[in-house]
Structures are given as C-alpha cells and as structure tokens.
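# Chains, contacts and geometry: an overview
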Amino acid sequence: QERKKLVFATEGTFPPFNMTRPNGELYGFELDLLAEVAKRADFDYEVIAQAWDGMIQGLVDGKYDAVIDSVTITEKRLEVVDFSLPYTTGGSTFAVMKETGLELPGTGTFVDLDDTAATERAVAAIAEVLAGKTVGVHVATIQADFLNQYLADKGVTIRTYQTGPEVYQDLMNGRLDAGMASVTNISAFLEKNVETAMATGPSFKGGVMGRGSAIVVQKGNAELADKLSAALKSMSDDGTLEKLSNQWFGMVVTPKL
Amino acid sequence: MGDLALLGFGPDGWGLALLRAGLLTLAVSVAAFLCGLVLGTGIAWARIAGNWPLRKLAEAYTVIFRGVPDILVIYLFYFGGRQVVTAIGTALGLPGPFDISGFLAGMLAIGLISSANQSEVLRGAYQAVPKGTIEAGRVVGMTRITLFRRVIAPQAMVTAIPGMGNQWQSVIKESALVSVTGLVETMRQVSVAAGTTQEHFLFYAAGAVIYLIITTLSDQVFRLAEKRSLRGHAGGGI
Amino acid sequence: MDTGFLSTIFVQLLKGVPLTLNLGVLALLGGGCLALVLNLLRVTRTGNAVASAYVFVFRGTPLLIQIFMIYYGLAGFGFIRQSVLWPFLREPYWCGLLALILNDAAYTSEILRGGLRAVPKGAVEAGRVSGMTRLAILHRITLPIAFRQALPAYSNEVISILKATALVSTITLMEVTGIARAAVSETWRAVEIFLCAAAIYLALSLLVTRLTAWAERRLSPWQFGESP
Amino acid sequence: MSLPPTALSITGLRKRFGANEVLRGIDLTAQDGDVISLIGASGSGKSTLLRCIPMLEVPDAGTVSVGADSVSPKGGRLSRAEEAVARRMRGHLGFVFQNFNLWPHRTVLQNVVEAPLFVQNRSRAEAVDEAMVLLEKVGLTDKRDAWPAHLSGGQQQRVAIARALAQHPRAILFDEPTSALDPELVGEVLKVIRSLAEEGRTMLIVTHEMGFAREVSSRVVFLHQGLVEEDGTPAQVFGNPGSDRCRAFISGHFDRNR
Amino acid sequence: MSLPPTALSITGLRKRFGANEVLRGIDLTAQDGDVISLIGASGSGKSTLLRCIPMLEVPDAGTVSVGADSVSPKGGRLSRAEEAVARRMRGHLGFVFQNFNLWPHRTVLQNVVEAPLFVQNRSRAEAVDEAMVLLEKVGLTDKRDAWPAHLSGGQQQRVAIARALAQHPRAILFDEPTSALDPELVGEVLKVIRSLAEEGRTMLIVTHEMGFAREVSSRVVFLHQGLVEEDGTPAQVFGNPGSDRCRAFISGHFDRNR
Ligand SMILES: Nc1ncnc2c1ncn2[C@@H]1O[C@H](COP(=O)(O)OP(=O)(O)OP(=O)(O)O)[C@@H](O)[C@H]1O
Ligand SMILES: Nc1ncnc2c1ncn2[C@@H]1O[C@H](COP(=O)(O)OP(=O)(O)OP(=O)(O)O)[C@@H](O)[C@H]1O
Ligand SMILES: [Mg+2]
Ligand SMILES: [Mg+2]
C-alpha cells in the first residue's frame, strides 16, 4: 500500500542549516533534523529546493506541504501560516572587523528582551559605542526589528540588505561598522574569517527576537503541525536535538521544549 | 578569489551543474524568444494594420506586459496558471491533479513580456521602411502576406535587428527570474553554489562568464542576420 | 481582499517612487550621453572595437551581476578603497546609479545604431554639400531622423530601465521594489503587495508610453500629416 | 460591331489633401491600345491622378474601372471588399513611379522577377528568361546583379520600366518615365511603348517632354486646376489648343525648340 | 591683364566602383560666370563626376580645386586635413541632387534656411526674407510650411534648387535640375541660371535636355566612356560635333524635335 509523500521545501543556500552539493543533493542541519522527525512521526517525504522569492506563496498555493528554512516565528507571519514548535532559539549578536578596533561591551553575556531593565542597560551601553556608526542587517528579520526598535532613535544608521551574506560582504568592504545577525549565522561567517573579524556585544533573546525558528505549514494544517511538533518535542526530550546542534554548530542553539 | 577547483568537474566541483544550468538558461530563452517573436509580430501587425478595436486591444496588451514588473508576471503564471489549468481541466471533466510546469510557466511569462517589447521594435522598424517601396509592392498586386514577406520584412530587418538583439539579451537575462518556479537555471545555480560554499565572487563571476558565452554565441547569429539584412542597403550611420 | 491592508501598503510603496524616478531619469540621461559617445566612437577602427567590446560586456551580463560587481566587487580592491572615488563608491546610491547608467548606455547605443541605419544617405549628403561640419550634420540631420526612427525601441528601454531600478533594492536602496520586498518578507502577503507595486509601475510606464507617443507625433509630424 | 472594350475608365474623380482640392472631377476613358499623354504644370495633380487609379491614393469620390472591375470608394477609405477588388485591378496594371521606388534589398534582376514569381506564380526559368529580354531592351543586362543603390538615375528608371513590363499588365501607368533618360534612351523607350501599343496594351503617360508626348501618344490630355482642360489628338492639342492656358503652357516648350 | 580667376578646376580625375572604372582621367576648368552643360549617356558617369567635386565620392586619383582650395586625395580616402579642406570647398559650392535629397524632417522653408542659419550663421530674419524671395522665384510661396513628403516631384526639385541658391555659393552643381519640371518652369529655371551667370557665378549642369543645354550654356561637355569626348560652345558641339559618337547621341534628340 502506497503512502502519500509529504513534500518539504528549502532554499539550499543557507549554511549550515541547508546547503546543496554540486549534484543537487541537499544537506545540512535541517536536513538531518527532518530525517529524524520523519522517522519519529512515521511519514515518507521528499525535499525540494526553491528560491526564497516565492517560497511562501508556493506553500500557500499547495505546491508543497511545509517549509523548513530557518524561518523565525513572528506574530505577523502567524497571520498567514502556521508553525511547528521551534527547533532553534540561538540569540543574535554583532560582528565587526578587527582592524576597526570597534568593540561592544557585554561580549559573552545574554540579555533577555523580556527583562526590560536589563535590556535598557545593555542597549544604552551599546548605543554609546555605535552612535554615528552604520549597522547592516538582513531585511525584515528579527534582527532588523530589534535594531529599529532599540537603536534607530539613538543615532545609529541602519542599512538593510536583501540577503544575509551581503551584510558580511559590506562589513569587509568597510561600508559598515558592524553587522547584526543570529549567533549561528555569525559563527558560520567567523569560521572563514577568524583572522580579521570577530563577534562582539551581548547575545539578545526573547521579545522581538521571537520564539525561534520552526517548520512552516499551511494555515490550518494543525494535523501536520502537531505531528511535527510532537516529533521535535521527543527529540528535545531525549537530547537528539542538542546532539545535532553540537554536530553542526559546535554549540547548543536548540531550545528545551 | 576562492578555490578554482570549485568550478571543476570533479565530485566536489560545480562545473557540470553550472553547465547544465547554462543549457537550461539557453533552452528557456530560445523558447521564450520565439514565443515572443510570433506573438510580437502579430501584435505589431494589429497595431499597424488592425481596425480600431484590434488596435486598442494590442495597445493595452503592450502597455500591460511592458509595464508590469517581470517577476510579477511570472508569479501570476506560475501560481495563477495552476488555478486556471485546474479550472479548465475540471470543466472538461478530466481527472486531476493539474499543474503547469515551471518551464512552461516561465517560458510563457517571459515570452509574453518579450512579445510586447518586440512588437514595439518591429513597429518602429516598419515605420522606417520607405513608403514608396511598399507602394511598389501594392501596385504589382501583392497580397498583404506577400507584401509583408517580400518587401516589408526584409527591409524592416535593417532597423529591427539591433533592437531585436537587445530583446534577445533581455530575454536571456529575464530567464534568471524563472528560478522562482523552481527551475535551476544559471542564476539560481550560481546563488545555490555561492550560498553553500560562501564563495560569492567566484560564482557570480562564473555566472557572468556563462552569460557572456551564451551571448557571444548568439551574437554571431544576430551578426550574420544583420549582414544579410544590410545587403544592398545604403543607409546612413555617422 | 483586505482593502485596509492594501491602502496602507500602497501609501508605503508610494514613498519609494521619488527614488525610483530619480534613478530612472538620471540613468537615462547618463546612459543616453554615453550611448551617443559610443556611437561616435564607431567612426574609427579602434573606437569601433572599444564600443563593440563595451556593448558586448554590458549587454551580455545581467544587470544584477553588474550591480554586485560594482558594489561589492570594486570595493574588494584595497586601492579603490584608498582612492578619491571611494566617497562615491562607498554609497549604494552612486554604485546603483553607475551600474544603471553603464547598462543603459549599452542598450541605448544599440538602439541608436539601428536608428542611424534608417537615416537616408541622401539627407546626410545634402548636409555635407551645404558645408555642415560633422557635428552640425549630427545635430541637425542625423540625430533628429535617427532618434525618431529609434523612438519605439527606445520607449522599451525607458520602461525597462524604470523596472530595472528595482534591482538596486539588492544593494540596500529602498525604492518601490525595495520597500515591497521588505514588506513581503515581513508580512508574507506577496501577491497583494506585488499587485500594488505592479499598479505603480504600470502607472509609471503608462506615463512613459503616453510621452513617447506624444514625442513620436512631435518629432515626425510629416508622417502624421500635420503642419507646424 | 460591338464597342471596343474599355480598358480603363475614370469618372468624376475627386481628391483633396487637407484644404487643397487637387482633383475636382476628372473623367477619362481609354480603350485597348490607346496611348494617352497626360500633361500639365508641376503640382497640377498628374501624379495624384495616376496614383488614384490603383488606389495608392484613395479618391474622395468617383469611380475607377479597369476591365470588368470597378471601385467607387467613399470618404477616402476602402472597405475590405473594395480593397480586394482594388488588388485584382492592380494585378492588371503596371506602374512606373516618378521616383522609381525600386526595392533596395533586391538586385536589378530580382526587382524585375519579383512580381512574376511571387504574385503571378510563374516558373522561375521563364520569369528570368523574360526579365533578361526586358533588361536587354533597356540596355541593362550587365547590371543584372547590381543593387539599386549602385545604379545611376537613368539606370534606376529603366529598371522601374522593366519591372512594370514584366507583369504583362493590360494597362501601364507611367509617371514621367523618361525624366532621367538621355535622348538615345528616350528613343528606345518610345519604341518599346509603340510596340506595346501595337500589342493592344493601354498606356497612360505623365510627361513633361512635349516632343515625346507628340511622338508617342494617340491622345493628349491637359490637366489644369484639377480638371481636364484639353483632350484630343496630339495634332489638335499641340497644333490648335482650345484654351489660352494650354497654349501658354505648350509654347514654353516649342519656343525653345524652335 | 591677369588671367581670369579659375572658379573650378578638375584634373586627371579617376574613379572606379569595383571593376567598373567610371571616370578615367577627366580634366575640366570653369571660370567665374561660366555655365557648362555636361551631357552623356545614362550611366556614363555624369553624376559621379559631379559628386566627386564636393568629395561626396572620393576620387581614386586627380585634383579638384574650388577657388584657392584644392584637394588631391589618394586611394579613395580623405585624410583628416583633406577632409577639412573639402569642407571649406563645400562652403563655396551649391549642389542640386538628381534625386533632390530634401530633409524629410524639415518643412520647405526650413530646408531652405537650414544652411544660411546653421552653417553661415546669418540672422534669421534675413535668411527667411531671402528664402521667401527664392521660393517666390520658383513659385512655391504657398508651400512654405509643407513637408517634403507632401510635395509633387517638380515641387521637390524646385525646393532643392532654392536650397542650393540660398547658400550664395560661388559655383553651383546641378544634377538634372529640370528633369521633373514642366516646360514653363524650365523656362523659369533658365532665367534664374542666366541671371546667376550674369552675377558671375559658375555653374555646372548635368542635363538630358539638349534644347535646354543649348539655350543655357556657354560651354557644352560631352562625356563618353569615362573621358571628355567633346568640349566646346553649344554651336560647335550641337552644330558640328567632332566625334561620331557625339553626333549619334545628339541626333536622338534633334530628330524628334525637328
Ligand atoms: N555606389 C556605386 N557603386 C557601384 N557602382 C556605381 C555606384 N554609383 C554609380 N555606379 C555606376 O557608375 C556608373 C556611372 O553612374 P552615374 O550615376 O555617374 O551615371 P550618370 O551619368 O549620372 O547616369 P544618369 O544619366 O543615368 O544619371 C553607372 O554604371 C553606375 O552603375
Ligand atoms: N500626401 C500629400 N499631402 C498633401 N499634399 C499633397 C500630397 N501629395 C501631393 N500633394 C499636393 O498635391 C498637388 C498635386 O501633386 P502631384 O504630385 O499630383 O503633382 P504633379 O502634377 O505630379 O506635379 P509634378 O509634375 O511636379 O510631379 C501638389 O500641390 C502637392 O503639393
Ligand atoms: Mg508628379
Ligand atoms: Mg546621374
């Protein structure tokens, strides 16, 4: 008896979450994660590559059943689609070039945006250093929301880019003084540029930083969302999720569900 | 610059993938351009020789397909096309499910955009044909078709070919937009490779080279056509 | 459809129109001048080679790649970052405009070349025997006739430059498409937002179409049976 | 005995350009074998009249008949049906334009065989053979593969004449067919026209060369202010013109050639 | 007494198109006030010779002088310096093309005032006044705002003549200036040319109208096979031509106008 395959879409260009081999094969943290989820939830699936433009429209139109592409849960997105439980909640921080000598206070600490007092203190300290400087960020991300909400009115110029990697490119070219991105993303960048660049400032979580990344399903497809969430929960419970995180990121960016 | 081995044909090289993507770019472009040429000729003809409603219709078509950003046309074809096809299929009582392939949607979308542009190029070229030579064709009793085929088209070529060359180039580059439909053409392959390896420049440069190769080859075709079209021509130039 | 959302988006997108127009108009002006120079170069052998190579490269590669190369590529060279040009090249606006101008020039020069072909040889000879200089012939005879012949093809170029300005959104400039894309990744309501953007572009290109139709009549009244 | 067939007939033809009424009611008939010269001042509407016959200019009023076909357009436009009739009429007409209008993208020979091959669907061998005979007649065999742009004015005019003849038209309309020809060639064209007339073909010739008109034509028509002012044999019109205007016009020529 | 100034001189002029050597060593000089008619068969190279003078066709060998300027191009190309001299020469020449070559994008009046305004930088009022006088002379005042495409053949030719005269050139080159004109207008052009000759202007006129050539010219030149075969007064050339070829050529005309 044949079971219907679930179709997942991903971009295949976002290391180390999802990447493509020259022969078109997809691999990465999210692919491994999905394999495990499928095993536990007991479904057949295939993954197709799809450009980011049109990714969600395709989902809404039913060209595929779910999207797994490091998508962060936000209120606005919830109006259009539904999410599973989150599988990463790594914070966000800043990257700078070493030669500029710029350094932010609070490196290595965590700041929870739900804790208003702590947030204000941390932001004030950063703003002092960044005033008059330009910070780049990937457009319409949680990091962009953060910058707009906390730093835009404190003399920091914010410049938004259509893709993540371009932020680093301009950082290296000297057009930006700092870039902001998720810790996972920045660590991938630093892997190649450890000589010249570094991460700095505290790691922000909670609040506008959202509730982490999750698998996206069509609005109202609770059945699938629940199935995926249950599998993720069991992976979190038995430590598989943490193991995968360590394997791909060298640190734990996954939540305790 | 990154590691050139990444562009090779080994198991870790992207050479083969890029080659395949290049061929797909070529295939989509050729199909779209020809589709645009056929439609564009018709539209130009309607605008020049059609009656009032036909002319206005052709004008509206041109305005819309030239004016709406290409990406949206592709969106509408890819996402809307499926609904249309399904509706038609269901109405005909055919068993589903229905879908429109990415290739077909992309080709049609780019072809339609291009047809609007090509019709303008052709219309301009038609107007540059000396009226006397058209009259000379009419007085020998040529039908519209013969007149077009034997007198107007060969002369209009002279002005049209550079403009059509432009259109062909645009089509090649617009073909990059069909990646939203899931087709892995050059631009998509380049961004996949660049994203995965984090070697942006290497792969964008490689992409530029692929486009230049396609251009060079197709330019030869246009150059040849141009040479042919110029036979006997004693036009200006600076 | 959600009209409240549509109107908010529409207003938001309208804020991008000035930048879109600014880039479009300046790109056409700069590109037009450069295209003319390229065609003038074609008189000599080396000039012709230079012009051909230029057109080959800039017409042969996607504008997106050109924008990337100018914005990220040039900046990758240390000496450019030290040079006097850096204050300009540092700015996304100037990089975007430069890319648009260079690209437009390649296309426009081809269109102009087609138009020049259609200039009757006799009209140029009549100018030469009346003792006109090359420049005078160009400005009084060749260009008016050529431009008129090239106008329909050129209106294509005007519209496509207008649409091409959308690509500078990739280098952080927030014109209509930049705003639209930001709104899409924020709200994920691609169809509604792009429809609004489409309406704006459609209105702009309708304007261009009207203008070129008017110019066609203005520039070649002899084909429409009007007297001055 | 029945009346001879009317090869060409024009009645009540009117044509205006804007405020300028060029033709104000022209009547003209020609039988098979007639050679009619059309004379008149520059700008008097001779070319316009000629161009109205194959409907290159659509008249505002009046009727044009060629053989059995007849068109009476209204309001300066042809309906679809009229257009079809006009095309059939054109198939029986040859036309030599005042400014030649050769096809610049075709060689001399190709210009001549174009209509036989692509309108009348004759065989290529036959069309080429005949074209070569015609080119021989106008002295252009050595230019058969030249482009029109590389020909002298007179050579272009001769190609235009050969092109019109290649169609075997029932009636031929010549608009100043000898304007660019030297005296010898004018003599040749005269011979060609005479032999065509003997074959029974009808010719309508606009010309400024009164000597030529006198030699070639069976009838001379003088156009003035949009109307036919004189219509008669060459002897009548040149020898004893009815109107002062015509006399003045003609004297300009014969004065100098006295 | 010094020799009269040479307005125009051509020596050893050669021009070939591919294998076809059209001009094979032409010598010709004209003094101020000379009116020279250039006659010869169609295709004999008359237009080519005329076009070589302002270097519209660059000769393969030979020298062309206009007043004090002189150019001797080599190998069918002009150097930059020669191009400058040629342009200066053109400033002293008027040219009426065989096929008129009016500027299609300018009205009749604009065609005539173009060179005075934009080459000679005369004042607009003066240029327009003079243009109107010229248009009056050729009978076209009512067409001043018409487009060339809307003119009859003869009207276009007259605009071309007016355009050439508006430049006040020292020498004027006419290529069949009366080919499209009716007898009356030919008479007018004859008058204009005579009055210009009296002013001391030099004219070189290609024509097929032997009657006109006889009336207008002080000298007639017969071109044959790329060489000057006859050169003399009209009486000499028409009355008693030296070569058989010339006699045969001319007789074609005078036979018909007997
Ligand atoms: N651009 C050209 N290329 C090749 N051959 C040419 C070119 N121009 C003229 N010829 C040839 O040169 C010869 C002389 O031409 P030209 O126009 O000077 O003759 P013409 O004496 O003015 O004749 P006509 O009285 O018919 O105007 C002709 O045989 C013509 O075919
Ligand atoms: N397309 C047009 N638009 C406006 N007026 C025109 C047009 N064609 C011709 N005319 C005018 O109509 C009149 C008659 O022109 P037509 O060409 O019939 O004269 P013609 O008798 O052939 O003169 P010619 O002997 O000079 O060739 C002229 O005054 C001319 O200006
Ligand atoms: Mg006429
Ligand atoms: Mg000639």
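All values reported here derive from a predicted model rather than from experimental measurement.

## Brief notes about the UniProt feature "transmembrane region" (unreviewed entry) in chain C
- Within the UniProt annotation, "transmembrane region" (unreviewed entry) is assigned to residues 20-41, 53-80 and 190-209 of chain C.
- The distance separating the terminal C-alpha atoms of residues 20-41 of chain C is 31 Å; by composition the span is 100% helix and 0% strand.

## Overview of helix α4 (residues 116-130) of chain A
Residues and elements named next belong to chain A.
- For α4, with 15 residues, the first-to-last C-alpha span of 20 Å sits near the 21 Å given by 1.5 Å per residue.
- Residues Ala118, Thr119, Ala122, Val123, Ile126, Ala127 and Leu130 constitute the buried set of α4. All buried residues of α4 lie within an arc of 155° about the axis, which places them on one face of the element. For α4, the exposed residues set more than 90 degrees away from the buried face come down to Glu120, Arg121 and Glu128.
- In the core, the buried residues of α4 are packed alongside β7 (92-97), β8 (110-112), β9 (134-138), α5 (142-150), β11 (178-182) and β12 (197-205).
- Of the residues flanking the end of α4, it is Gly132, one or two places downstream, whose phi is positive at about 80°.

## Looking at the interface of chain B and chain C
- Each partner contributes residues to the interface: chain B has 45 residues there, and chain C has 47 residues.
- In this assembly, chain B packs against chain C so that about 4000 Å² is buried in total across both faces, 65% of it on carbon and sulfur atoms.
- Asp219 of chain B serves as the salt-bridge partner of Arg59 of chain C, at 3.6 Å between the closest nitrogen and oxygen.
- Seen at the junction of chain B and chain C, the total is 9 residue pairs in polar contact (both at pLDDT 80 or more).
- Broken down by secondary-structure element, the contributors of at least two residues to the side of chain B that touches chain C are α2 (52-67), α3 (70-91), α4 (102-127), α6 (144-174) and α8 (200-229) of chain B.
- Element by element, the count of residues in the side of chain B that touches chain C is highest for α8 of chain B, at 11 residues.

## Focus: unusual backbone geometry
All names here are of chain E.
- Not every positive phi belongs to a glycine, and Met55 is a case in point at roughly 65°.
- Its location among the elements puts Met55 in the loop between α1 (46-52) and β4 (61-66).
- Relative accessible area serves as the criterion here: at 0%, Met55 is assigned to the buried category.
- The phi angle at Gln225 is positive, at roughly 45°, despite the residue not being glycine.

## Overview of the side chain of Glu166 of chain A
- Note on placement: Glu166 of chain A falls in helix α6 (residues 164-173).
- Classification of Glu166 of chain A as buried rests on a relative accessible area of 9%.
- Non-local contacts of Glu166 of chain A, meaning those with residues more than four positions away in its chain, are made with Tyr161 of chain A together with Phe68, Tyr72 and Thr170 of chain C.

## Here's the deal with the nonpolar core
- Counting residues in each nonpolar core, the largest one holds 168 residues, and the members touching the most others are Phe203 of chain B, Leu13 of chain C together with Leu8 of chain D.
- Residue contacts for Leu8 of chain D: discarding those within four places in its chain leaves Leu28, Thr29, Ala30, Ile53, Ser65, Val66, Leu93, Leu173 and Leu204 of chain D.
- Listed in part, the 48 residues of the second largest apolar core include Val129 of chain C together with Leu23, Val64 and Phe95 of chain E.

## With respect to the site of ligand 1
- Near ligand 1 there are 21 residues, and of these Ser152 and Gly154 of chain D together with Ser42, Ser47 and Thr48 of chain E occur at the shortest range.
- Within the backbone of His150 of chain D, an N or O atom sits 3.1 Å from an oxygen atom of ligand 1.
- Between ligand 1 and the protein, one listed contact pairs an oxygen atom with a side-chain N or O atom of Ser47 of chain E at 2.6 Å.
- Protein chains bury 88% of the 640 Å² of accessible surface belonging to ligand 1 in isolation.
- When grouped by side-chain class, the residues that make up the shell around ligand 1 number 4 nonpolar, 14 polar and 3 charged.

## Thoughts on a nonpolar patch on the surface
- Taken together, the side chains of Phe9, Leu16, Leu19, Leu23, Leu26, Val30 and Leu34 of chain B make up a nonpolar region of the molecular surface, amounting to roughly 660 Å² of accessible area.
- A relative accessible area of 37% means that Val30 of chain B is categorised as partly exposed.

## Some points on the coordination of the magnesium ion (ligand 3)
Residues and elements named next belong to chain D.
- Looking at the magnesium ion (ligand 3), the protein donor atoms are Ser47 (OG) and Gln98 (OE1), and they sit 1.9 to 2.2 Å from it. With Ser47 in helix α1 (residues 46-52) and Gln98 in the loop between β6 (93-96) and α3 (108-118), this residue pair connects regions lying 51 residues apart in the sequence.
- The buried category is assigned to Gln98, whose relative accessible area is 18%.

## Digging into the UniProt feature "domain: ABC transporter" (unreviewed entry) in chain D
- According to UniProt, the positions carrying the feature "domain: ABC transporter" (unreviewed entry) are residues 8-250 of chain D.
- The distance separating the terminal C-alpha atoms of residues 8-250 of chain D is 26 Å; by composition the span is 38% helix and 26% strand.

## Remarks on the interface of chain A and chain B
- Each side of the interface is counted separately: chain A has 22 residues, and chain B has 25 residues.
- When chain A packs against chain B, the two sides together hide about 1800 Å² of surface, and 54% of this comes from carbon and sulfur.
- When residues of chain A are sorted by the area they lose upon contact with chain B, Pro22, Asp61 and Lys63 of chain A head the list and together hold 33% of the total.
- Remark: the boundary between chain A and chain B carries 0 salt bridges.

## Some thoughts on the packing of aromatic side chains
- Counted according to the given criterion, the structure contains 25 aromatic pairs over all chains.
- Look at Tyr204 of chain B and Phe68 of chain C: their rings are 5.0 Å apart centre to centre, the planes differ by 65°, and that puts the pair in the edge-to-face class. Taken as a pair, Tyr204 of chain B in helix α8 and Phe68 of chain C in helix α4 (residues 63-73) lie in two separate chains rather than in one.
- What makes Tyr204 of chain B buried here is its relative accessible area of 13%.
- The structure contains a cluster of three or more aromatic residues connected by ring pairs, namely Phe14, Phe17, Phe29, Tyr87 and Phe249 of chain A.
- Positioned above the aromatic ring of Tyr27 of chain A, the side-chain terminus of Arg21 of chain A is 4.0 Å from the ring centre.

## Focus on the pattern of salt bridges
Residue and element names in this part refer to chain E.
- Under the counting rule described, the total for this entry stands at 55 salt bridges over all chains.
- Across the pair Arg122 and Glu130 runs a salt bridge, and its minimum N-O distance is 2.7 Å. Both residues of the pair, Arg122 and Glu130, count as buried.
- A salt bridge links Glu215 to Arg194, with the nearest nitrogen and oxygen atoms 3.5 Å apart.

## Examining the sheet that holds strand β4 (residues 45-49) of chain A
All names here are of chain A.
- Spatially, β4-β1-β5-β13-β6 is the arrangement adopted by the 5 strands of the open sheet, whose pairing is mixed. For this open sheet the edge positions go to β4 and β6 (81-88), each flanked by a neighbour on one side alone. Here the strands of the sheet are splayed against their neighbours by 30° on average, with no regard to which way each runs.
- Where strand β5 (residues 66-72) meets strand β13 (residues 213-218), 4 bridges bridge the pair, whose relative direction is antiparallel. Looking at β13, one finds that Val67 is bridged to Val216.

## Some remarks on the confidence of the model for chain D
- The pLDDT averaged across chain D works out to 88; a share of 95% of its residues lies at or above 70.
- For this predicted complex, the interface confidence comes out at an ipTM of 0.73, alongside a pTM of 0.78.

## Here we look at the environment of Asp177 of chain A
- Among the structural elements, Asp177 of chain A can be located in the loop between α6 and β11.
- A C-alpha to C-alpha distance of 43 Å links Asp177 of chain A and Leu224 of chain A, two positions 47 residues apart in sequence.

## Describing the sheet that holds strand β9 (residues 219-224) of chain D
Residue and element names in this part refer to chain D.
- Ordered by their spatial adjacency, 6 strands build an open sheet running β6-β7-β8-β3-β9-β10, and the pairing between neighbours is mixed. A single partner strand is all that each edge strand has here, and the edge strands are β6 and β10 (227-232). Ignoring strand direction, the axes of neighbouring strands in this sheet form an average angle of 15°.
- Here 4 bridges tie strand β3 (residues 35-40) to strand β8 (residues 202-206), and the two strands are oriented parallel to one another. Bridging from a neighbouring strand, Ser37 pairs with Ile205 of β8.

## Examining the side chain of Thr88 of chain A
All names here are of chain A.
- Tracing the backbone through its elements, the reader meets Thr88 in strand β6.
- A relative accessible area of 5% places Thr88 in the buried class.
- Setting aside chain neighbours within four positions, we find Thr88 in contact with Phe17, Phe29, Gly212, Ser213, Val253, Thr254 and Pro255.

About the criteria used
Residues numbered from 1 in each chain as written. Chains lettered and ligands numbered in written order. Predicted model: local features only at pLDDT ≥ 70, side-chain atom pairs only at ≥ 80, totals over all residues. Heavy atoms only, no water. UniProt positions renumbered as here; feature names shortened; annotations may be inferred. Helix = DSSP H or I, 4+ residues; strand = E, 2+ residues; numbered from the N terminus. Expected span 1.5 Å × (residues − 1). Buried < 20%, exposed > 50% of the residue type's maximum accessible area, 1.4 Å probe, protein only. Arc of directions from axis to C-beta. Contact = heavy atoms within 4.5 Å. Buried area = accessible area lost by both parts, 1.4 Å probe. Salt bridge = Lys/Arg side-chain N within 4 Å of Asp/Glu carboxyl O. Polar contact = N/O pair within 3.5 Å; in protein donor to acceptor, adjacent residues only side chain to side chain. Core = buried A, V, L, I, M, F, W, Y, C linked by side-chain atoms within 4.5 Å. Near = heavy atom within 4 Å. Areas by Shrake-Rupley, 256 points an atom, 1.4 Å probe, with all protein chains shown as cover. Nonpolar A, V, L, I, M, F, W, Y, C, P; charged D, E, K, R; others polar. Patch = residues over 30% accessible without salt bridge, like charges linked within 9 Å, V, L, I, M, F, W, Y side chains within 5 Å. Donors = N, O, S within 2.8 Å, 3.2 Å for Na, K, Ca; no water. Phe/Tyr/Trp six-rings, centres within 6.5 Å; stacked < 30°, edge-to-face > 60°. Lys NZ or Arg CZ within 6 Å of the ring centre and 35° of its normal. Pairing = 2+ DSSP bridges. Axes fitted to C-alpha atoms, helices over the stretch in contact; angles between N-to-C directions. pLDDT = per-residue confidence, 0-100.

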